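# Fold and contact review
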Amino acid sequence: MPFREINSKMVEATLAPGQKLFSQRGAMLAYRGEVSFTPNVQGGQGGVASMIGRRVAGESTPLMTVEGSGTVMFGHGGHHIQVIELAGDTLYVEADRLLAFDGTLQQGTMFMGSQGGVMGMVRGQVTGQGLFTTTLKGHGAVAVMAHGGVIELPITPGRDVHVDPQAYVAHHGEVRNKLSTAVGWRDMVGRGSGEAFQLELSGSGAVYVQASEAKL
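Residues numbered from 1 in each chain as written. Predicted model: local features only at pLDDT ≥ 70, side-chain atom pairs only at ≥ 80, totals over all residues. Heavy atoms only, no water.

### Considerations on the overall build of the chain
If you tally the helices and strands in the chain, you get two helices and 13 strands. With 216 residues in all, the chain has 52% of them scored as buried. Relative to all contacts within the chain whose residues are 6 or more apart in sequence, the contacts with residues 24 or more apart total 80%. With the model as given, the accessible surface of the chain reaches about 9,700 Å², and the carbon-plus-sulfur share is 53%. (Helix = DSSP H or I, 4+ residues; strand = E, 2+ residues; numbered from the N terminus. Buried < 20%, exposed > 50% of the residue type's maximum accessible area, 1.4 Å probe, protein only. Contact = heavy atoms within 4.5 Å. Areas by Shrake-Rupley, 256 points an atom, 1.4 Å probe, with all protein chains shown as cover.)

Pasting the structure below:
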């Protein structure tokens, strides 16, 4: 179920009987047809394990199950919206950046330390981003939110990409991440973004970067 971009801050999805999608609560702007919106208590397709993971991570962004027959327009807070198409791979994205996604995608959580070791944990503690990141896997579309527009940067073997952790939106592919620092440990206290911290992404895939460091 592809999302059609109406403009940079609104997308539209077409629902057919038997299909469903999940959206952030409050994201629906308007709809046509016979469409229902139901609070989702299981965190999407991830079930109870996903729900628990989100609570532990402090990612309590509520989801709505959207079903029926018609078209629905989504947007939230005037944020820029980026549509990402998945073809069987896994997208890693902060929960509060999810606007809406296909109900066919399997949702879960990943502990950042599992990819970045101790530095992955430091990323969450120092920058204020969650130690857990939401994962979406399968074939389908995802609409994510960001500030000031989004650019997709390819990640290829031997050509690592360094991103300000606060500018990070999402990534997909066979990618490893770790937090590197450009200053000493004593200087890191009180600094949550900018040149003091760099999220280093290596492997093969892509990372989505927002224009502004502002958090949602």
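### Examining the side chain of His80
Within the secondary structure, His80 sits in strand β6 (residues 80-93). The class for His80 is buried, based on a relative accessible area of 17%. With residues near it in sequence (within four places) discarded, His80 still touches Ser8, Lys9, Val144, Met145, Ala146, Gly148, Gly149 and Val150.

### Thoughts on the environment of Asp96
Examined against the element boundaries, Asp96 turns out to sit in the loop between β6 and β7 (98-102). Along the chain, Asp96 and Val144 lie 48 residues apart, while their C-alpha atoms are 8.9 Å from each other.

All quantities given are derived from atomic positions and should not be read as evidence of function.
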